[in-house]
Amino acid sequence: VVGVGRGTSMMRYCECSGNAEIVAICDNNPMVLSEQKKRCEGYNIAFYDNFDSFIKHDMDAVVLANYATEHATYAIRCLNAGKHVLSEVLPSETMAQAVELIETVEKTGLVYAYAENYCYMDVTFDMWRQYKEGAIGDVTYAECEYIHDCSGAWIGLTYGDTSHWRNHLCPTFYCTHSLGPIMMITGRRPVQVVGFENPPIEEFYKLGHAGGHASGIEMVTLDNGAIVKSIHC
């Protein structure tokens, strides 16, 4: 597991599932790594503070729970090193990264899995079952939103670092909580996306959020012509 603050939930899954074993964890934050060493005392786990050393460890697969801006580049390195990959959040900042990731999966023949967590909630599965059974027909228009006031936790999320990626991301970059369930439920794929950001939010400027203004709206056209309006803030 890479990124063992956010990745703690995946570590707990491995501990209780009976079908996976944690052999190595990696984090460049010494405080987080120290906490995990205490929590994992007695386990046969290797601890790394840099990815270059971690990727050489003998293991079958890597869970990426590091910064979202690093997922594509790290996933490509893992695949080229012969490791399957589970990416905990969105992987690509650019189309070039997306193309390189897909081509690397095709070249290596290894598994790349995307674990957008909002797609695996009970309500999403229930809507997926209803859609699959034909109870709600085919989608022609949908609205989805994910509104999460992070202001109270922002300093903790960014470690008080004004250069943290969360302070500088475009609001349309991290829209998977709102769009992901629609893709999951219907099995449809977007063919056109138009996105824009809301006006600045003064409260977030004070917290160091210089980019993105904390919210974005997308208008998405699906491959059956359906329209989806997505709000994420």
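Everything numeric in this text was worked out from a predicted model, so none of it was measured. (Residues numbered from 1 in each chain as written. Predicted model: local features only at pLDDT ≥ 70, side-chain atom pairs only at ≥ 80, totals over all residues. Heavy atoms only, no water.)

S.K.: What am I meant to see in the sheet that holds strand E5 (residues 112–114) here?
M.R.: Pairing between sheet strands relies on hydrogen bonds along the backbone, with the strands arranged either parallel or antiparallel. Spatial strand order, E3-E4-E5: three strands in an open sheet with parallel pairing. The strands lining the two open edges of the sheet, one partner per strand, are strand E3 (61–64) and E5. Within this sheet the neighbouring strands show an average axis-to-axis angle of 15 degrees, counted without direction. In this structure, strand E4 (residues 84–87) lies alongside E5, joined through three bridges in parallel fashion. Pairing of serine 87 across the sheet is with tyrosine 114, part of E5. (Pairing = 2+ DSSP bridges. Helix = DSSP H or I, 4+ residues; strand = E, 2+ residues; numbered from the N terminus. Axes fitted to C-alpha atoms, helices over the stretch in contact; angles between N-to-C directions.)

S.K.: What am I meant to see in the environment of serine 215 here?
M.R.: With respect to the helices, strands and loops of the structure, serine 215 is situated in the loop between helix H9 (202–206) and strand E8 (216–222). Serine 215 sits 74 residues away from tyrosine 141 along the chain, and the two C-alpha atoms are 22 Å apart. Setting aside chain neighbours within four positions, we find serine 215 in contact with Pro171, Glu197, Asn198, His232 and Cys233. (Contact = heavy atoms within 4.5 Å.)

S.K.: Help me understand the environment of threonine 162 in this model?
M.R.: Along the chain, threonine 162 falls in the loop between helix H7 (154–157) and helix H8 (176–186). Residue class for threonine 162 comes out exposed when judged on its relative accessible area of 53%. Remark: the alpha-carbon pair of threonine 162 and alanine 75, spanning 87 residues in sequence, is separated by 26 Å. When near neighbours in sequence (up to four residues on either side) are disregarded, threonine 162 contacts Asn167, His168 and Gly208. (Buried < 20%, exposed > 50% of the residue type's maximum accessible area, 1.4 Å probe, protein only.)

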